[in-house]
Amino acid sequence: MDRIEELETALTIISATADHIQVDDARRLTGPGLLWNKPGAVMDVFFTGIDPSTVSALWEKNARRVLDALGWTDQDLTHRTFTGGVNLAISAPMDQLYSAIFAVQTAWHFCAAELLDATPGDFDQMVADVKAVVVKEANPRLIDLIAAAEAHGVDILCDDDEVSIGHGTGSQVWPVDALPVPGDVDWSSLHNIPVAFITGTNGKTTTTRLLEAIARASGKVAGLTSTEFVRVGNDILDRGDYSGPGGGRMLLRDKRLEIACLEVARGGILRRGLPTRAASAAAVTNVANDHLGQYGVNTVPELAQAKFAVHRTLTDGGVLVLNADDAYVRAEAKNTSANIWWFSLDAQADLIREARDSNKCCAYVQQENIVFFDGTSEKTVIAVSNVPVTMGGAAKYNTLNALAAMCLALALDLPLQAVRDGLAGFKPDAKDNPGRCNEFNYHDARVFVDFAHNPHSISAVCEALSGLPAKRRFIMLSHAGDRSDQDIRDVTATALKFQPDVIVAAELEGYLRGRALGEIPDLIEWTALKHGYNADQIQRAPSPSQAAARILKQLEPGDLALLLVLSERDAVFEMLGA
């Protein structure tokens, strides 16, 4: 066993002896995130029966001791307390992030020894082992380039394989093991481009796509990252969930790119952080109960804290676009000093009136028009009815998304006419906005396909469709198995606000995640029965595509169907002729 393996063993022995303390693997932080805007490493510690202040005090002492012993006297440490545990982090030089993991683990080793009154390892020897990792990992050319890029006012993006300076048309990329000295870089050819981050529980994908449509309408080569692909212009660079920092770097390194629209999700923010500190604008669309219980984010207010990490990416003068109609967004906004542009469906909302009185930019709906206040005067931009994704104003959630996209576009200095053209030209179909309330005519019945999966998004879609006339209503439901029984019951109850005449519960065999076949359809059926439905109104299907086929077979002219499709999307679209 070599010294590194010995170190890893020593770091785990103490914590393993305590059943009331659990430690997740430490991870690198490459950019701004929940805790701060520094690179480094973090670990999540969970415990019961221990005062969190005791743990944080031990961390302050031992992490500082380790940092100083490593010669990282200029590096910082921090912690964040949550219900049942703490996040513990240190900052580190950008070329020492793996070493930072060992440093975090070493500091925790000595914290745990004190907590459990156990004998720790030899401090000097353990620090010496970390120093050996530091020497192996050191890349002084990277540190020199980072300093030079900062001096030239241009962004630098780093990962395990490549380093790039500048964005898009103003970028250049090098292998991490073949970096130039700063004097050999043609700095005059490198520059940043307008970058916007879009996050939130729901609406972030549509808002990102709307912003990209506006940028295209302005004549710029625009690109986006999303949970489905990375795209520049009409060219899809790769498919998959690219809502993390890796997708952002892939996009920002494309030499064709002139404007970047980056969808960012909670997971990427918490695992690694955001890819750049050079954004011109960022938006938080809303915050709702979804994907809680990871990385110490256990409540909706804590989720809001995570989403608001995007404010740490903003350059001086950057704009933070926020939803004034969302209570969690309003509450968390009190903790940032960023330049906020509020948007709302209500022109008389308190935060909108305050913004106008303070001569600050904001956006709202007034007399069925989308209006922008530029700090001095109102500009009527476009009628809500002329924005197709709003479904004539019925889809209020998409009106909010349009307001957010408009604010982002104007913060990126795109022309007002491009905003009008982009919003008017963006269709709620499988081409422009796949999976977001896409409408199809099927044998003179109206069929809507949506990927909504949590109570907040399902409620919004059902509200938008509830006013549409229909002879009969059909709904297809399915849920992933990693949600609790109560979550599944709650989401199902929310979907029943659609007032369907027929419910088809689909099995998601690829998303059982530990559950037995039939377990989730049982919960759907139980919830429907509790809400007054008869057994003959509830049908089952072994897959989403077969559930969709079952509904389509029953449709008659004048019927309305909502297919909440979480998997087999392409097969469902193909049935509908998309």
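Residues numbered from 1 in each chain as written. Predicted model: local features only at pLDDT ≥ 70, side-chain atom pairs only at ≥ 80, totals over all residues. Heavy atoms only, no water.

1. Things to note about the sheet that holds strand 21 (residues 445-450)
Right, so step 1: If you walk across this open sheet you meet the six strands as 20-21-25-22-23-24, and the pairing is mixed. Looking at which strands have only one partner, the edges of the open sheet turn out to be strand 20 (438-442) and strand 24 (538-541). On average, adjacent strands in this sheet sit at an angle of 20° to one another, irrespective of strand direction.
Right, so step 2: Two strands pair when backbone bridges link them, and strand 23 (residues 502-506) and strand 24 are joined in this way by four bridges, in the parallel orientation. In the sheet register, Ile-503 faces strand 24, and the bridge partner there is Ile-538.
Right, so step 3: The sheet strands contacting helix 14 (residues 455-466) are strand 21, strand 22 (473-477) and strand 25 (560-564), and the helix crosses strand 25 at an angle near 170°. (Pairing = 2+ DSSP bridges. Helix = DSSP H or I, 4+ residues; strand = E, 2+ residues; numbered from the N terminus. Axes fitted to C-alpha atoms, helices over the stretch in contact; angles between N-to-C directions. Contact = heavy atoms within 4.5 Å.)

2. Some words on the sheet that holds strand 16 (residues 339-344)
Right, so step 1: The 11 strands lie next to each other as 12-11-10-13-9-14-15-16-17-18-19, forming an open sheet whose pairing is mixed. Each edge of the open sheet carries a strand with a single partner, namely strand 12 (235-239) and strand 19 (378-383). Averaged over all pairs of adjacent strands, the angle between strand axes in this sheet comes to 20°, irrespective of strand direction.
Right, so step 2: Relative to strand 13 (residues 259-263), helix 7 (residues 245-252) is tilted by about 170°, and along the sheet it contacts strand 9 (195-199), strand 10 (222-225), strand 11 (229-232), strand 12 and strand 13.

3. Section: empty space enclosed by the protein
Right, so step 1: The full count for this structure, using the stated rule, is one cavity of 30 Å³ or more.
Right, so step 2: The volume enclosed by the largest cavity comes to roughly 120 Å³.
Right, so step 3: Of the residues that constitute the lining of the largest cavity, the class distribution is nine nonpolar, three polar and three charged. (1 Å grid on protein atoms, 1.4 Å probe; cavity = no way out; pocket = protein on both sides within 12 Å on 5 of 7 lines; lining within 4 Å. Points joined across faces, edges and corners; volume = space filled by probe spheres on them. Nonpolar A, V, L, I, M, F, W, Y, C, P; charged D, E, K, R; others polar.)

4. Considering the side chain of Ser-171
Right, so step 1: Within the secondary structure layout, Ser-171 lies in the loop between strand 7 (162-165) and strand 8 (172-175).
Right, so step 2: Judged by its relative accessible area of 1%, Ser-171 falls in the buried class.
Right, so step 3: One polar contact links the side chain of Ser-171 to the main-chain carbonyl oxygen of Gly-168, over a distance of 2.7 Å.
Right, so step 4: If we skip the residues at most four places from it in the chain, Ser-171 touches Ile-165, Gly-166, Leu-190, Leu-252, Arg-253 and Lys-255. (Buried < 20%, exposed > 50% of the residue type's maximum accessible area, 1.4 Å probe, protein only. Polar contact = N/O pair within 3.5 Å; in protein donor to acceptor, adjacent residues only side chain to side chain.)

5. Description of helix 15 (residues 485-495)
Right, so step 1: Every buried residue of helix 15 is listed here: Ile-488, Val-491, Thr-492, Thr-494 and Ala-495. Viewed along the axis of helix 15, the buried residues span an arc of 160°, placing them on a single side of the element.
Right, so step 2: Buried residues along helix 15 sit against helix 14, strand 22 and helix 16 (519-530). (Arc of directions from axis to C-beta.)

6. Section: the packing of aromatic side chains
Each aromatic ring pair is characterised by the separation of its centres together with the angle its planes make.
Right, so step 1: In total, this model carries five aromatic pairs according to the counting rule given.
Right, so step 2: When the ring centre of Phe-110 is taken as reference, the NZ or CZ atom of Arg-65 above it lies at 5.9 Å. (Phe/Tyr/Trp six-rings, centres within 6.5 Å; stacked < 30°, edge-to-face > 60°. Lys NZ or Arg CZ within 6 Å of the ring centre and 35° of its normal.)

7. Quick word on the layout of surface pockets
Right, so step 1: Taken as a whole, the second largest pocket spans an internal volume of roughly 570 Å³.
Right, so step 2: Considering the residues around the second largest pocket, the lining is formed by 27 residues, among which Ile-146, Glu-150, Asp-155, Ile-156 and Arg-277 are closest to the centre.
Right, so step 3: Mapped by element, the contributors of at least two residues to the lining of the second largest pocket are helix 5 (140-151) and strand 6 (156-158).
Right, so step 4: Each residue belonging to the lining of the second largest pocket can be placed in one class, and the counts come to 14 nonpolar, eight polar and five charged.

8. Points about the pairing of strand 25
Within a regular strand, side chains alternate between the sheet's two faces.
Right, so step 1: The element strand 25 is largely enclosed, with a buried count of five among its five residues.
Right, so step 2: The pairing of strand 21 with strand 25 spans five bridges and is parallel. Bridging across to strand 25, Phe-448 finds its partner in Leu-562.
Right, so step 3: Pairing geometry for strand 22 and strand 25, over four bridges, is parallel. Following the sheet pairing, Phe-474 is matched in strand 25 by Ala-561.

9. Re the state of the cysteines
Every disulfide links exactly two cysteines, by a covalent bond between their sulfur atoms.
Right, so step 1: Applying the stated rule across the entire model yields zero disulfides.
Right, so step 2: Not engaged in a disulfide, the cysteine Cys-437 finds its nearest cysteine sulfur in Cys-462; these two sulfurs lie 9.4 Å apart. (Disulfide = S-S within 2.5 Å.)

10. Focus: the pairing of strand 21
Right, so step 1: Counting buried positions along strand 21 gives five out of six residues, so the element sits mostly inside the fold.
Right, so step 2: Of the pairings in the sheet, the one linking strand 20 to strand 21 comprises five bridges and is antiparallel in character. What sits directly across from Asn-441, in strand 21, is Arg-446.
Right, so step 3: Between strand 20 and the antiparallel strand that follows it, strand 21, lie two residues; His-443 among them carries a positive phi value of about 55°.

11. What about the confidence of the model for the protein?
Right, so step 1: Across the protein, the average pLDDT comes to 92, with 96% of residues at 70 or higher.
Right, so step 2: Under a pLDDT of 50 for its full length, residues 13-17 has, in the predicted model, 11 contacts with residues more than four places off or in other chains. (pLDDT = per-residue confidence, 0-100.)

12. Observations concerning helix 7
Right, so step 1: Buried residues dominate helix 7, accounting for six of its eight residues.
Right, so step 2: Within helix 7, the full set of buried residues consists of Pro-245, Gly-247, Gly-248, Arg-249, Leu-251 and Leu-252.
Right, so step 3: In the core, the buried residues of helix 7 are packed alongside strand 6, strand 9, strand 10, strand 11, strand 13 and helix 8 (266-271).

13. Notes on the nonpolar core
General note: in soluble globular proteins, nonpolar side chains tend to be found buried as a group.
Right, so step 1: One finds Val-45, Trp-59, Trp-72, Ile-90, Trp-108, Ile-165 and Trp-187 to be the most contacted residues of the largest nonpolar core, which totals 53 residues.
Right, so step 2: Contributing elements (two or more residues each) for this core: strand 3 (40-47), helix 2 (52-69), strand 5 (85-91), helix 3 (97-115), helix 4 (123-137), helix 5, strand 6 and strand 7.
Right, so step 3: No other element matches the 11 residues that helix 3 contributes to this core.
Right, so step 4: Setting aside chain neighbours within four positions, we find Val-45 in contact with Ile-21, Gln-22, Val-23, Phe-82, Gly-84, Gly-85, Val-86, Leu-88 and Trp-108. (Core = buried A, V, L, I, M, F, W, Y, C linked by side-chain atoms within 4.5 Å.)

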